[in-house]
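# Analysis of the macromolecular model
Each chain is listed here by its residues.
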Amino acid sequence: MGPYYPPVWAMVFTNPKLPLSVDIGSGSGRFLMLLAKRNSGSSNFLGLDVRHKLVERSNAWAEQLQLKNMHFITANATIALDSLLATYPGKLTFVSILCPDPQFKTRHYKRRIVQRPLVNAIMKYLAVGGKIFLESDVEEVVLDMKRHFKEHLGDSLVLVKKHESTSIEEKEWYPENPTGVPTEREVAVLGRGLPMFRLLYERV
Ligand SMILES: C[S@@+](CC[C@H](N)C(=O)[O-])C[C@H]1O[C@@H](n2cnc3c(N)ncnc32)[C@H](O)[C@@H]1O
């Protein structure tokens, strides 16, 4: 896969100057589809996934539904994000990484999506005030993503908390999905009464 060239943005979005949200590991694409419907005219939505079949199906939905603010690209986001975003003419205001594959085996850690090149690319383009939303039902997976963003904390990132007055670790978890659009996995997990672990960062 790759090298990665950004699309001609005016061919994929009606208004390529709108703020951009990127969903990394966009899977079925339904999460982004709902967000794109709710925010047509105010934001563009880009989904990245390694699975070409899912990407093709998501783009077909965008066409059928005439969603001119949503587009999907087949890419290994870990290495492609930087070059894909390089020419986007608007601001990057939101990045989501939702329920990434856990890759539990130590020898598979290198396959996890959140690695240094991905964090560097996000931090290079995310606008001040822009948000990063991370979630999984596997606590260790979110803690691993957090570890990768840690070096930017304080400096250029702050953790958005709903509970102001505590340093207790659990209280760092963001209590709800800030987009208002639950993913399919989120619905299933919460339906079984299990927790989702969420972190929300803001670029300062
Ligand atoms: C467990 S699914 C979660 C899908 C979706 N985010 C959700 O919450 O329903 C993880 C997705 O990440 C994709 N993926 C894994 N590694 C990736 C990478 N390096 N770049 C882009 N997508 C990746 C997989 O193909 C899969 O669709």
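The structure reproduced in this document is the subject of the present report. (Residues numbered from 1 in each chain as written. Predicted model: local features only at pLDDT ≥ 70, side-chain atom pairs only at ≥ 80, totals over all residues. Heavy atoms only, no water.)

### A word on the nonpolar core
In terms of nonpolar packing, the biggest core is built from 40 residues, with Val22, Ile24, Leu81, Ile97, Ile122, Ile132 and Phe149 touching the most fellow members. Excluding residues that lie within four positions of it along the chain, Ile97 makes contacts with Asp23, Ile24, Val114, Leu118, Ile122, Phe133, Leu134, Glu135 and Met145. By size, the runner-up hydrophobic cluster in this structure holds 19 residues, among which are Phe31, Ala36, Phe45 and Leu67. (Core = buried A, V, L, I, M, F, W, Y, C linked by side-chain atoms within 4.5 Å. Buried < 20%, exposed > 50% of the residue type's maximum accessible area, 1.4 Å probe, protein only. Contact = heavy atoms within 4.5 Å.)

### Some details on the environment of Gly25
Its location among the elements puts Gly25 in the loop between strand 1 (20-24) and helix 2 (30-38). The exposure class of Gly25 is partly exposed, given its relative accessible area of 29%. Gly25 sits 24 residues away from Asp49 along the chain, and the two C-alpha atoms are 4.6 Å apart. For Gly25, the contacting residues outside a window of four places in its chain are Leu48, Asp49 and Ile113. (Helix = DSSP H or I, 4+ residues; strand = E, 2+ residues; numbered from the N terminus.)

### Overview of unusual backbone geometry
Across the chain, the bulk of peptide bonds are trans and the bulk of non-glycine residues have phi less than zero. Backbone geometry at Gln66 places phi at a positive 55 degrees, although glycine is not the residue there. According to the relative accessible area criterion, Gln66 is exposed, its value standing at 59%. One non-glycine residue, Cys99, lies in positive phi territory at about 45 degrees. Among the structural elements, Cys99 can be located in the loop between strand 4 (92-98) and helix 5 (116-125).

### Some remarks on the sheet that holds strand 1
Within the open sheet, the 7 strands sit side by side as 3-2-1-4-5-7-6. Their pairing is mixed. Of all the strands in the sheet, just strand 3 (70-74) and strand 6 (157-159) have a single pairing partner and so form its edges. Strand-to-strand twist of the sheet, defined as the mean angle between neighbouring strand axes without regard to direction, takes the value 20 degrees. Taken together, the 5 bridges between strand 1 and strand 2 (residues 44-49) define a ladder with parallel strand orientation. Counterpart to Asp23 in the pairing with strand 2 is Gly47. This element, helix 6 (residues 139-149), spans strand 4, strand 5 (126-136), strand 6 and strand 7 (197-203) of the sheet and lies at about 155 degrees to strand 5. (Pairing = 2+ DSSP bridges. Axes fitted to C-alpha atoms, helices over the stretch in contact; angles between N-to-C directions.)

### Description of the site of the ligand
Near the ligand lie 14 residues; those nearest to it are Gly25, Asp49, Asn76, Ala77 and Leu98. Gly25 is positioned with one of its backbone polar atoms (N or O) 2.8 Å from a nitrogen atom of the ligand. In this structure, Ala75 approaches the ligand through a main-chain N or O atom, which is 3.4 Å from a nitrogen atom. When the ligand is considered free in solution it has 600 Å² of accessible area, and contact with the protein chains removes 84% of it. Contributions of two or more residues to the shell around the ligand are made by strand 2 and helix 4 (77-85). Taken together, the residues of the shell around the ligand sort by class into 7 nonpolar, 4 polar and 3 charged. (Near = heavy atom within 4 Å. Polar contact = N/O pair within 3.5 Å; in protein donor to acceptor, adjacent residues only side chain to side chain. Areas by Shrake-Rupley, 256 points an atom, 1.4 Å probe, with all protein chains shown as cover. Nonpolar A, V, L, I, M, F, W, Y, C, P; charged D, E, K, R; others polar.)

### Here's the deal with helix 6
Of all the residues in helix 6, the buried ones are Val141, Val142, Asp144, Met145, Lys146, His148 and Phe149. Contacts from the buried residues of helix 6 go to strand 4, helix 5, strand 5, strand 6 and strand 7.

### With respect to the side chain of Asn69
Within the secondary structure, Asn69 sits in the loop between helix 3 (52-64) and strand 3. Here Ala36 takes part through its backbone oxygen, which lies 3.0 Å from a polar atom of the side chain of Asn69.

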